[in-house]
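# Architecture at a glance
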Amino acid sequence: MNHHTTSRFSTGPGWQEDLSAPEEFFCQLADLEQESKERRRPVTKRMVIAAALLGLTGLTAAGAVVASTCTLCYAVSADGDPPLAFVRQEETYAQAVSQVEEQVSAILKTDYDYDNRTQVSLTIAPKESIQTPDQLTASLMETVEQVKEAYVLTVDGIAAGACESEEDIAEALALAKTRYTTENTRSVSLASSLDISLDYLPADTELLSAEALAEVLLRPADEGEEAVAVFAPLDEGGEGSAVPDETPPPLLLVETVEEVTYTQAIPSPIQEQETGDLILGQTATLEEGTEGQEERTDRVTYRCGVEVGRETLSSQTITEATPTIVGVGTAQGVDAAHGRFAWPTTGQITSPFGARYIFGSTSFHSGTDIANAAGTPLYAAASGTVTFSGVKGTYGNLVKVDHGNGFVTYYAHCSQLLANQGDWVEQGQTIALMGSTGRSTGPHCHFEIRWQDEPIDPELCLP
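Residues numbered from 1 in each chain as written. Predicted model: local features only at pLDDT ≥ 70, side-chain atom pairs only at ≥ 80, totals over all residues. Heavy atoms only, no water.

### Digging into the packing of helix 6 (residues 166-179) against helix 7 (residues 210-217)
- Across the interface, helix 6 lies against helix 7 with an axial gap of 8 Å and an inter-helix angle of 50 degrees. Looking at the two axes, helix 6 sits oblique to helix 7. The way helix 6 lies across helix 7 gives a crossing that is right-handed. The residues of helix 7 that touch helix 6, namely those facing Asp168, Ile169, Glu171, Ala172, Leu173, Leu175, Ala176 and Arg179, are Ala210, Glu211, Leu213, Ala214, Glu215 and Leu217.
- Across the contact of helix 6 with helix 7, the residue classes tally to 9 nonpolar, no polar and 5 charged. (Axes fitted to C-alpha atoms, helices over the stretch in contact; angles between N-to-C directions. Helix = DSSP H or I, 4+ residues; strand = E, 2+ residues; numbered from the N terminus. Parallel < 35°, antiparallel > 145°, perpendicular 65-115°, else oblique. Left-handed = near helix turned anticlockwise from the far one by under 90°. Contact = heavy atoms within 4.5 Å. Nonpolar A, V, L, I, M, F, W, Y, C, P; charged D, E, K, R; others polar.)

Written as structure tokens, this is what we have:
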């Protein structure tokens, strides 16, 4: 791209005239330029400098001020308008144009060539008006019709939207805060990192109102992605609402602190009491307590309407709670078994628990024999799990039921087994039929109750 420089000064008569003001000096320079054009005489930078210095030697005090505060430089102007900028070197203009083309191409996402409406010409200007390359780039950007400046809000690294003014962004943030504010709110703050910048955007970018930007800020944002097409227009209508727990959080994280006073129940305290009416390890409620009531004041922290922290500031008991009495069992062995087991069948007791003479010798009998006709139903003396169902030596067909707390019952000499190992059986459920299998003298049920694998007298445990 070619950028042309045009000199506006030439040497000629009149440089020795006494000028009474800086304005006259610049008018004289313009006259010299015009004279140079009429003569069609080429002018070099060296000639202009020489002419300027020569002219300055004859200036009055006002002219001397010009000589000390001004410098020879290049003016950048467009279409005959007043200069956009003054730069010390012509190359500065070329660098600035290159930067403008690069920036605008990135904004428009297409190649952009800066037009040649601007010209660069040699002139004299106050030293303080000389611009740096970056300042010149900024001045030239203002002449690009394809872009415009707007204030962009970035939230945690995600561009949320663009507005015409910073005031619009501030109002949008205030509206977003209001969404989570209640009558109990004591403070509101933002947990997100914010950045507001004045950027160039495509000229057709739709700028958001404060209300529209607030709605963008309250929309859920997927982590790691831009939540919204930054400058896309919003859907019309509809007010936002607090974000449910199961949805992603909004783009803007708003924290509120509230103080709430409420009444809540005080649970009934548990008070344990040992009792021999229960088996060791068993518990049962002996007396129901009542709940109390208290008034509490809490400081609650919410993030986007979801509670994230709570601190109790004060509490006052309104009604005291009464304790619930829970019995803790201490009974073991026969004491624990008494009344817990039911008779396993009907019939006549033919051999009690303890020593007995049978089959020509005296031996210890570990259970109680109950005789009846073959096929008489045998019932589970208590609820439990069947741990064995099959043939077991002199017991013949045997069913064993584990009742927990160390208690197990045996049902021996069965003619038929109706419960399988692993079955859960309820008290009174038929689990086998009476028979005379194993070492037996006739149809009967050999019934044992064992505690911690030691047999105890069943008749002491039965009702």
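### So, the sheet that holds strand 25 (residues 430-433)
- With respect to topology, 3 strands assemble into an open sheet ordered 19-25-23, the strand pairing being antiparallel. The sheet terminates laterally at strand 19 (377-379) and strand 23 (416-417), the two strands that pair on one side only.
- Note that strand 23 and strand 25 share 2 bridges and pair antiparallel. Bridge assignment links glutamine 416 to a residue of strand 25, and that residue is leucine 433. (Pairing = 2+ DSSP bridges.)

### As for the packing of helix 4 (residues 90-108) against helix 5 (residues 133-141)
- The contact between helix 4 and helix 5 brings their axes to 9 Å, and the two run at 55 degrees. Between helix 4 and helix 5, the angle is such that the two are oblique. The way helix 4 lies across helix 5 gives a crossing that is right-handed. Residues Thr92, Tyr93, Gln95, Ala96, Val97, Gln99, Val100, Gln103, Val104 and Ile107 of helix 4 form the contact with helix 5, whose own contacting residues are Pro133, Asp134, Leu136, Thr137, Leu140 and Met141.

### What about the sheet that holds strand 7 (residues 185-190)?
- Spatial strand order, 7-9-12-13: 4 strands in an open sheet with antiparallel pairing. The two strands at the open ends of the sheet, each matched to only one other strand, are strand 7 and strand 13 (306-319). Ignoring which end each strand starts from, the neighbouring axes of this sheet average 25 degrees apart.
- Note that strand 9 (residues 254-266) and strand 12 (residues 292-303) share 12 bridges and pair antiparallel. In the sheet register, tyrosine 262 faces strand 12, and the bridge partner there is arginine 296.

### As for the confidence of the model for the protein
- In this model, the protein carries a mean pLDDT of 83, and residues with pLDDT of at least 70 account for 79%.
- This stretch, residues 39-62, has a pLDDT under 50; its non-local contacts, to residues over four places away or in other chains, come to 42 contacts. (pLDDT = per-residue confidence, 0-100.)

### A closer look at helix 5
- Among all positions of helix 5, only Leu136, Thr137, Ser139, Leu140 and Met141 are buried.
- Looking at the buried positions of helix 5, the neighbouring elements they touch are strand 2 (70-78), strand 3 (85-87), helix 4, strand 4 (118-126), strand 5 (147-155) and strand 8 (194-202). (Buried < 20%, exposed > 50% of the residue type's maximum accessible area, 1.4 Å probe, protein only.)

### Re unusual backbone geometry
- Even without being glycine, glutamine 452 reaches a positive phi, approximately 50 degrees.
- Examined against the element boundaries, glutamine 452 turns out to sit in the loop between strand 26 (444-451) and strand 27 (454-456).
- Relative accessible area serves as the criterion here: at 53%, glutamine 452 is assigned to the exposed category.

### Focus on the packing of aromatic side chains
- For the coordinates displayed, the defined rule picks out 5 aromatic pairs.
- Geometrically, the ring pair formed by tyrosine 395 and tyrosine 410 is tilted, given 5.7 Å between the ring centres and 55 degrees between the ring planes. Pair noted here: tyrosine 395 is in the loop between strand 20 (384-391) and strand 21 (397-404) and tyrosine 410 is in strand 22 (residues 407-412), with a separation of 15 residues, a long-range link. Neither tyrosine 395 nor tyrosine 410 differs from the other in exposure class; each is buried.
- Aromatic side chains phenylalanine 407 and tryptophan 451 sit 6.3 Å apart centroid to centroid with 40 degrees between the ring planes, which places their arrangement in the tilted category. Placement of phenylalanine 407 in strand 22 and of tryptophan 451 in strand 26 is noted, with a sequence separation of 44 residues between them. (Phe/Tyr/Trp six-rings, centres within 6.5 Å; stacked < 30°, edge-to-face > 60°.)

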